[in-house]
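Spelled out from the first residue to the last, the chains are:
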Amino acid sequence: MQHQKREAECLEDVMNQTVDQLKEYLHNLRQYDHILSLLYWDMNTLAPEKGLEARVSAINYFSAEQFRLATADEYGRMLEELRKPELFDALDPAMQLTVKRYSRDYERFRRIPEDFYTSYTETKTRSEKAWEKAKQSADFSVFAPYLDKVISMTKEYVHYMEPDRDPYEALLDLYEEGIDGDTIDRVFAELKEGLLPLLNKIEECPRPDLSALEGSYDMIAQKKVQDMLLAYIGFDADAGATAESEHPFTLDLSIGDVRVTNHYKEDDPLSAIFSAIHEGGHAIFGQNIDPSYEGTAVEKVDMMGLHESQSRFFENILGRRRSFWVPVYDKLGELLPQFKDIPLDMFCSAINDVHPSMIRTEADEVTYCLHIILRYEMEKAIFRDNIPTDKLPQLWNDKMEELLGIRPENDGEGILQDMHWSDGSFGYFPSYLLGSVYDGMFLEALETEMGSVDAILEEGRISEITAWLNKKIHQYGSLYTSAEVLQRVCGRELTAQPLLEYFYKKYAKLYGFC
């Protein structure tokens, strides 16, 4: 008995010592994450054009150093030690996930040649800046050679990581672990089947007169509106920051430092308003992960569908309701005086005006689904059908006409509108629509527990909804996969039916059809 006790104590000592070593090693790795995130933030918000080369050089240097740490033998030995059953079983759930996930990543990265990784990082950095120029000039030819190289290198990158796996399946798994292409095909087909009849009904109805919203809206005042809305939905300004960029995004440096950007248009205040709410939803997730998970893999949420569900829940499920605006519409008018002359009902008609449009980020929540299906089909064509890069604009335009009935007049409102492909984020787009599907299920669960969302919002109690999301989802970070979160919160498997029911109920009432 004494021998067994000593043996158990010895194992515990080995485990604790190795865990402490691993935590210190991961802390060092995160310093590179922090530096690279700051460089990315600076490059996309404040860095001048002539500073690009210095920024690229710094990103390449720190990426290479981080890669060496992430593939070092010492790191592998620590992970291997903690994978031993007698040690692994004694770890807490957060450390078990950390060992499991980082062991997987370690094996993947070990297969990638360091010189290729450095070259790939540089290529993506240059590609992002080329995309910005191409978008501003609406000229795909400026971006095409960079995109062609990113596509080629992404295929090679994924082959190194998962040599025996379909490249696009591997990419999908990077952004939404456990949700495979067959599942996405099923859910997206379910959506298309349900959405097209709804759109036909809506298109038979007259569009609202929105001419009262036309005009020039002060950009500085729009930024104040953003700050007001972020505070209202629960963004902690002491644990975050805001800036302006070509394409809005959220960047998690740590639980205590989550940053958002926005893009302002003088003639379209709704664009920045809903970007603020959307990015705020992302940030609220990052700011409310349980601090006890800091330093573990749980802190980093790689399930982008789950992340998108939170941004789109705030933006659409809450932010496009009349009840959301009842407590704050007067404040909106104080900051942007034009809204004093726009009745709330007209404003609500504007933010729920369903019609096919070119730009994904400005699309209504119904046609947005088709924007994502378009991109998903494009990515499958790139990675499975090997469509040449110079044919992509034509294919994009054809698919937009097929799905939405409209055709871009230039590449700026077509294939160049999103930044994602410029940095190799293929497989990311499906997560946006998965997030909306999750939202239908979360709304159903929330109203089952708390009652009418409209009643809560009209009384200005949005903080109670934010707290519900904090408790049910945010605090756990990435401890659970999206499928596990759906089971825990909703008690059911993934289905598009709640989202379709939400759409039909909402728009039948708005447009007056049954």
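What counts, and where the lines are drawn
Residues numbered from 1 in each chain as written. Predicted model: local features only at pLDDT ≥ 70, side-chain atom pairs only at ≥ 80, totals over all residues. Heavy atoms only, no water. Pairing = 2+ DSSP bridges. Helix = DSSP H or I, 4+ residues; strand = E, 2+ residues; numbered from the N terminus. Axes fitted to C-alpha atoms, helices over the stretch in contact; angles between N-to-C directions. Left-handed = near helix turned anticlockwise from the far one by under 90°. Contact = heavy atoms within 4.5 Å. Nonpolar A, V, L, I, M, F, W, Y, C, P; charged D, E, K, R; others polar. 1 Å grid on protein atoms, 1.4 Å probe; cavity = no way out; pocket = protein on both sides within 12 Å on 5 of 7 lines; lining within 4 Å. Points joined across faces, edges and corners; volume = space filled by probe spheres on them. Phe/Tyr/Trp six-rings, centres within 6.5 Å; stacked < 30°, edge-to-face > 60°. Buried < 20%, exposed > 50% of the residue type's maximum accessible area, 1.4 Å probe, protein only. Expected span 1.5 Å × (residues − 1). Bend = angle between axes of the 7 residues up to and from the residue.

Even after reading the chapter, I still don't get the sheet that holds strand β2 (residues 250-254), so can you show me in this structure?
Two orientations exist for strands paired in a sheet by backbone hydrogen bonds: parallel and antiparallel. Taken together, 3 strands build an open sheet; the order of strands is β1-β3-β2 and the sheet is mixed. The strands lining the two open edges of the sheet, one partner per strand, are β1 (240-244) and β2. Sheet twist, expressed as the mean angle between neighbouring strand axes with direction ignored, is 20°. Across 5 bridges, β1 lies against strand β3 (residues 257-262) in parallel orientation. Residue pairing across strands places E244 opposite N262, the latter belonging to β3.

Sorry if this is basic, but what is going on with the packing of helix α12 (residues 304-318) against helix α18 (residues 429-450) here?
Describing two packed helices takes the angle between their axes plus the distance from one axis to the other. In contact at an axis separation of 7 Å, α12 and α18 are set at 65° when each is read in the N-to-C sense. Considering only the axes of α12 and α18, their crossing is right-handed. Contact residues: α12 offers M304, G305, L306, E308, S309, Q310, R312, F313 and I317, while α18 offers S431, Y432, G435, S436, Y438, D439, F442, L443 and L446. Classifying every residue of the contact of α12 with α18 gives 9 nonpolar, 6 polar and 3 charged.

Would you mind going over the layout of surface pockets with me for this structure?
If you roll a probe as big as a water molecule over the atoms, it shows you where there is empty space left. The space that makes up the second largest pocket amounts to roughly 720 Å³. Taken together, 22 residues line the second largest pocket, and the ones lying closest to its centre are R321, D454, K505, K506 and K509. Elements with a contribution of two residues or more to the lining of the second largest pocket: α13 (322-325), α15 (344-351), α18, α19 (453-458) and α22 (497-511). When the residues that make up the lining of the second largest pocket are grouped by side-chain class, the tally is 5 nonpolar, 5 polar and 12 charged.

Can you walk me through the packing of aromatic side chains in this structure?
How two aromatic rings sit relative to each other is given by the distance of their centres and the angle of their planes. Summed over all chains, the structure comprises 35 aromatic pairs. Aromatic pair Y232 and F324: ring centres 5.6 Å apart, planes at 80°, arrangement edge-to-face. Taken together, the positions of Y232 in helix α10 (residues 219-233) and F324 in helix α13 put the pair 92 residues apart, joining distant regions of the chain. The exposure classification of Y232 matches that of F324, with both residues buried. Here F274 and W325 contribute two aromatic rings whose centre-to-centre distance is 6.3 Å and whose plane-to-plane angle is 65°, an arrangement assigned as edge-to-face. Of this pair, F274 sits in helix α11 (residues 269-287) while W325 sits in helix α13; the two residues are 51 residues apart in sequence, bridging distant segments of the chain.

Explain helix α9 (residues 181-203) to me, please; I cannot follow it from the model alone.
Since the α-helix packs 3.6 residues into each turn, any two residues three or four apart lie on the same face. With 23 residues, α9 ought to run about 33 Å at 1.5 Å a step, and its terminal C-alpha atoms sit 31 Å apart, in line with that. Where α9 bends most, at L195, the angle is about 25°, and the proline P197 comes one to four residues later. Every buried residue of α9 is accounted for by G181, I184, V187, F188, E190, L191, G194, L195, L198, L199 and I202. For α9, the secondary structure elements touched by its buried residues are α8 (167-175), α16 (367-383), α18 and α22.

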